Amino acid sequence: MKNVPNYAKQLINGFLQSELTLFKNQFDESPVPEIQDSRSLSIAWVCFYFKELITTETGKLITDYVDEVYHTENYTSHGWFRISSLQASAFILT
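Residues numbered from 1 in each chain as written. Predicted model: local features only at pLDDT ≥ 70, side-chain atom pairs only at ≥ 80, totals over all residues. Heavy atoms only, no water.

**Quick word on the overall build of the protein chain**
Next up, step 1: Along the backbone of the protein chain there are five helices and zero strands.
Next up, step 2: Of the regular secondary structure in the protein chain, the N- to C-terminal order runs α-α-α-α-α.
Next up, step 3: For 94 residues, the compact-globule estimate of 2.2 N^0.38 gives 12 Å, and the C-alpha radius of gyration of the protein chain, at 13 Å, lies within 12% of that figure.
Next up, step 4: Counting over 94 residues, the protein chain shows a buried share of 39%. (Helix = DSSP H or I, 4+ residues; strand = E, 2+ residues; numbered from the N terminus. Rg over C-alpha atoms; globule rule 2.2 N^0.38 Å. Buried < 20%, exposed > 50% of the residue type's maximum accessible area, 1.4 Å probe, protein only.)

Have a look at this one:
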């Protein structure tokens, strides 16, 4: 994406960072709120379609969080199904 205005890049990265923060804040709620699926899917969608506009910092926030959840002791019973879209996002960005 050539000649994309800087504000577009800021908007996309701001959106991703705020959605990730909101996702983290509700991570342990049970049952999983429907909005969580929408958040993680929207993050994955934006990562796929706007990969070139995503900063290294934002990509690192996503991949670090996926790694953090993956290495929790309850990943196999609690975390795996909550972060599948974020895992896709991390894959897209790496």
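**What to know about the packing of aromatic side chains**
Next up, step 1: Per the counting criterion, the structure on display carries eight aromatic pairs.
Next up, step 2: Ring centres 5.5 Å apart and planes at 75 degrees place the aromatic pair Trp-80 and Phe-81 in the edge-to-face group.
Next up, step 3: A relative accessible area of 36% places Phe-81 in the partly exposed class.
Next up, step 4: Clustering of aromatic rings is evident, with ring pairs tying together Trp-45, Phe-48, Tyr-49 and Phe-50.
Next up, step 5: Over the face of the ring belonging to Phe-27 we find Arg-82, whose NZ or CZ atom lies 5.7 Å from the ring centre. (Phe/Tyr/Trp six-rings, centres within 6.5 Å; stacked < 30°, edge-to-face > 60°. Lys NZ or Arg CZ within 6 Å of the ring centre and 35° of its normal.)

**Section: helix α2 (residues 34-49)**
Next up, step 1: With 16 residues, α2 ought to run about 22 Å at 1.5 Å a step, and its terminal C-alpha atoms sit 23 Å apart, in line with that.
Next up, step 2: Residues Gln-36, Arg-39, Ser-40, Ser-42, Ile-43, Ala-44, Val-46 and Cys-47 constitute the buried set of α2.
Next up, step 3: In this structure, the buried residues of α2 make contact with α1 (6-25), α3 (56-70) and α5 (84-93). (Expected span 1.5 Å × (residues − 1). Contact = heavy atoms within 4.5 Å.)

**Thoughts on the side chain of Glu-19**
Next up, step 1: Positionally, Glu-19 belongs in helix α1.
Next up, step 2: Residue Glu-19 is classed as buried on the basis of its relative accessible area, which comes to 16%.
Next up, step 3: For Glu-19, the side chain forms a polar contact with the side chain of Arg-39, separated by 3.4 Å. (Polar contact = N/O pair within 3.5 Å; in protein donor to acceptor, adjacent residues only side chain to side chain.)

**Brief notes about unusual backbone geometry**
Next up, step 1: A cis amide bond links Ser-30 with the next residue in sequence, Pro-31, at an omega value of -10 degrees.
Next up, step 2: By secondary structure assignment, the location of Pro-31 is in the loop between α1 and α2.

**Considerations on the nonpolar core**
Next up, step 1: Grouped together as the largest cluster of nonpolar side chains are 19 residues, with contacts concentrated most on Leu-16, Ile-43, Cys-47, Tyr-65, Ile-83 and Leu-86.
Next up, step 2: Sorting the residues of this core by element identifies α1, α2, α3 and α5 as the ones contributing at least two each.
Next up, step 3: Those residues within four positions of Tyr-65 in sequence are excluded, and the remaining contacts are Leu-20, Phe-23, Lys-24, Phe-27 and Leu-86. (Core = buried A, V, L, I, M, F, W, Y, C linked by side-chain atoms within 4.5 Å.)

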